[in-house]
Structures are given as structure tokens and as C-alpha cells.
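# Observations on chain architecture
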Amino acid sequence: QVQLVESGGGLAQAGGSLRLSCVASGRTYNIAWFRQAPGKEREFVAAISWSGDIYYGDSVKARFTISREMAENTVYLEMNTLKPEDTAVYYCAARSRRSGSVYTREDYHYWGQGTQVTVSS
């Protein structure tokens, strides 16, 4: 069983930055961040495998950076140049094996509780 604990959400102004953390207990193949705004579907933000493969959603490319600290089993999401449309609950998710698509939320086996990110204009 894998447990994921997110932290680092909060309030930021447009153009500002926040960093999210996700600590994983247990063995995983990759960890991703998804986000869900009110009234919208949960969307892919970024993902990283423990071998270092990195993926980004189109809406966050060049603004967000995902990284990992293997010794601490932690994945970070550095969010820069934040926009009001980045406001959402951000979820950490993990796949326990390489199956399905890294971009598809249904292919993830474990989820964190979510952390709120609010960007004011």
C-alpha cells in the first residue's frame, strides 16, 4: 500500500510562486500532479518517474518544474509565474507499475488528499 502526503499549497498573487511537496511511502513507478478546479475535470499537470523521465501538461510548460529527491522519496512541484487559472486543488498521484498512460488519471493507483492553491489577480 502506498500513501501520499502533499503539502505546500496556499495563497499567491498572480506572477508569484509556490512549491508543492509530495512524500510517498512505499514503492512507486512514477508520481504525478493533477489539479481540479471547481466545476472542471481533474487534469494532468506534471509527472516524473524515478528513472528521471519528465512530462508536463501544455498549460504549465515553461512555468512549472517537477523534480524528485529519491533519498527522501519526495517529489516537488515548483510553480512559477502563477496565474489565476492555476487556482485548483492539486493532487499527488502514483502508479505502482508501468501500465496505461502517464497522462491519464484513471491509470493512477494511489492519490493524496489534495492541497488547495489559490492565485489572486
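Here, the structure is the one placed above.
All residue numbers here refer to positions counted from 1 along the written sequence of the relevant chain. Residue-level local features of this predicted model are given only where pLDDT is at least 70; pairs of side-chain atoms are given and counted only at 80 or more, and the full residue set underlies all totals for whole chains, interfaces and linings. As a rule here, side-chain values come from all non-hydrogen atoms in the structure, and water together with hydrogens is ignored.

The next point concerns the environment of Gly 114. Within the element layout of this structure, Gly 114 appears in the loop between strand E10 (110-111) and strand E11 (115-120). Residues Gly 114 and Trp 33, 81 residues apart in the sequence, show an inter-C-alpha distance of 9.7 Å. Whether two residues are in contact is decided by their heavy atoms: any pair within 4.5 Å suffices. Residues in contact with Gly 114, not counting those within four places in the same chain, are Glu 6, Val 89, Tyr 90 and Tyr 91. Each helix is a run of H or I in the DSSP string that is no shorter than four residues. Each strand is a run of E no shorter than two, and both are numbered from the N terminus.

With that settled, consider the packing of aromatic side chains. The relative placement of two aromatic rings is captured by the distance of their centres and the angle of their planes. Classification of ring pairs rests on two measures: the distance between centres of Phe, Tyr or Trp rings, Trp counted by its six-membered ring, which must be within 6.5 Å, and the angle between planes, read as stacked under 30 degrees, edge-to-face over 60 and tilted in between. Per the stated rule, a full pass over the model turns up seven aromatic pairs. Measuring from ring centre to ring centre gives 5.2 Å for Phe 34 and Tyr 108, while their planes differ by 75°; the resulting arrangement is edge-to-face. Taken together, the residues span a long stretch of sequence, with Phe 34 in strand E4 (residues 30-36) and Tyr 108 in the loop between strand E9 (88-95) and E10 at a distance of 74 residues. For the pair Phe 34 and Tyr 108, one class covers both residues: buried. Taken together, the ring pairs in this structure connect Phe 34, Phe 44, Tyr 55, Tyr 91, Tyr 103, Tyr 108 and Trp 111 into an aromatic cluster. Here the guanidinium or amino end of Arg 95 rests over the ring plane of Tyr 108, the centre of that ring lying 5.7 Å away. Per-residue accessibility, obtained with a 1.4 Å probe over protein chains only, is compared with the maximum for each type, and a residue is labelled buried under 20%, exposed over 50%, and partly exposed between these values. Counting as a charge over the ring demands two things of the Lys NZ or Arg CZ atom: a distance within 6 Å of the ring centre and an angle within 35 degrees of the ring normal.

In this section: the nonpolar core. Among the nonpolar cores identified, the biggest contains 28 residues, and Leu 4, Ile 31, Trp 33, Leu 77, Met 79 and Tyr 90 are the most heavily contacted of them. Every element with two or more residues in this core is listed here: strand E3 (18-25), E4, strand E5 (43-49), strand E7 (64-69), strand E8 (74-79), E9 and E11. Excluding its chain neighbours within four sequence positions, the residues that come into contact with Met 79 are Gly 16, Ser 17, Leu 18, Leu 20, Arg 63, Phe 64, Tyr 90 and Val 117. Within the second largest apolar cluster, seven residues are counted, among which are Ala 32, Phe 44, Ala 47 and Val 102. To define a nonpolar core, start from buried Ala, Val, Leu, Ile, Met, Phe, Trp, Tyr and Cys residues and group those joined through side-chain atoms within 4.5 Å.

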